[in-house]
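Residue strings, one per chain:
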Amino acid sequence: MWLSLALLIVSGGCTANIEPGHEGVIFKKPYLFGSDGVEPEPVKPGRVWIAWTTSVMSVDMRPQRFDEEFDDMMTFDNAPVDFSAYAFLQVRQGKAPELISKFGKDLTQVWKADLQEQFRTMTRREAQKRKMTPLITGFEDASDPSKQPVAVMEAIGERVRKQMEAYIEEKGLPIDIFDVQISKATPAGKVVDAMAETMAQQQRSKTEDERKKAEDSRKAAENSRATADREYMTRMGLDPAQYIQLEQIRAFREIAEKLAGQPNTHIVLSPGNVGGGSSLPLTMPVTNPTTIGIPAESPNK
């Protein structure tokens, strides 16, 4: 009877399929002969025959990415920023049985239980050493032409990767961390609002400065012209009334020059009261405006 039962157990069995990119870990649970536990050699991808008392666990050996979000992290200059960090890990080839036998978990479970918080702590600690502007722009010293810009996020990622690598080695995990990537930071909402208000104030200040410069320039031009007019009146021996009449003549000549050559065009002059008397309007065709004379040494013509 016992011999028949043993033959039945030995002859019974089933198959398991291991997908590409995976390794199979065999758990032996014999009823009569042998020892139980994890088989030290992994099962390669493909179909494998196992005893019906044995189970197989498929472990993903492909590189995996683990994403972590950081919200309102305070920078070195006390500005809250948001950014993301990505860790790329992989179980070492042929080490799936060791991972399961020692730690009882696959890579995702190991990440959550043993690596996630350590990764977050290391990343936060490195990022908090930097000011907000380099974290947002991704570069340090980019404004100084004498210095080579430093890629801040790549530098942080490499420092975190080395620290995580040492931590994984210390824990004895058969896992490789081959890359850590850090995204550029973005200011938290309240910081964006403050930056927008600051930019608006700077723009308003710039606009006021430009308006003041234009006003000062206009005043300077008017003062310069007034000075020139006074000097001209002095040289020509004109009183203010005579100078105003001269300006009227200049204005008339400018109009006549613009209308010169146009057919059927006449200009009506109304001198008004000159020296207490009166005069009739004068109508003249626009033919040769240069005959309208202006005293020499005019500063404007």
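Draft legend 1. Local environment of the pattern of salt bridges. Here the structure, examined in full by the defined rule, presents 13 salt bridges. The salt bridge partner of Arg62 is Asp60, with a shortest N-O separation of 3.0 Å. Judged by its relative accessible area of 44%, Arg62 is partly exposed. The residue Arg65 makes a salt bridge to Asp67 at a minimum N-O spacing of 2.8 Å. What makes Arg65 partly exposed here is its relative accessible area of 48%. Several salt bridges converge on common partners, so that one network encompasses Arg92, Glu169 and Asp176.

Draft legend 2. Focus on the pairing of strand β7 (residues 80–91). Taken across its 12 residues, β7 has 10 buried, putting it largely inside the fold. When strand β6 (residues 64–74) meets β7, the two strands line up antiparallel, connected through 9 bridges. Directly across from Glu68, in β7, lies its bridge partner Ala85. Here β6 hands over to β7 after 5 residues, with Asn78 in that stretch at a positive phi of 60°. In the sheet, β7 pairs with strand β11 (residues 186–187) via 2 bridges, with the strands oriented antiparallel.

So, how was this worked out
Residues numbered from 1 in each chain as written. Predicted model: local features only at pLDDT ≥ 70, side-chain atom pairs only at ≥ 80, totals over all residues. Heavy atoms only, no water. Salt bridge = Lys/Arg side-chain N within 4 Å of Asp/Glu carboxyl O. Buried < 20%, exposed > 50% of the residue type's maximum accessible area, 1.4 Å probe, protein only. Helix = DSSP H or I, 4+ residues; strand = E, 2+ residues; numbered from the N terminus. Pairing = 2+ DSSP bridges.

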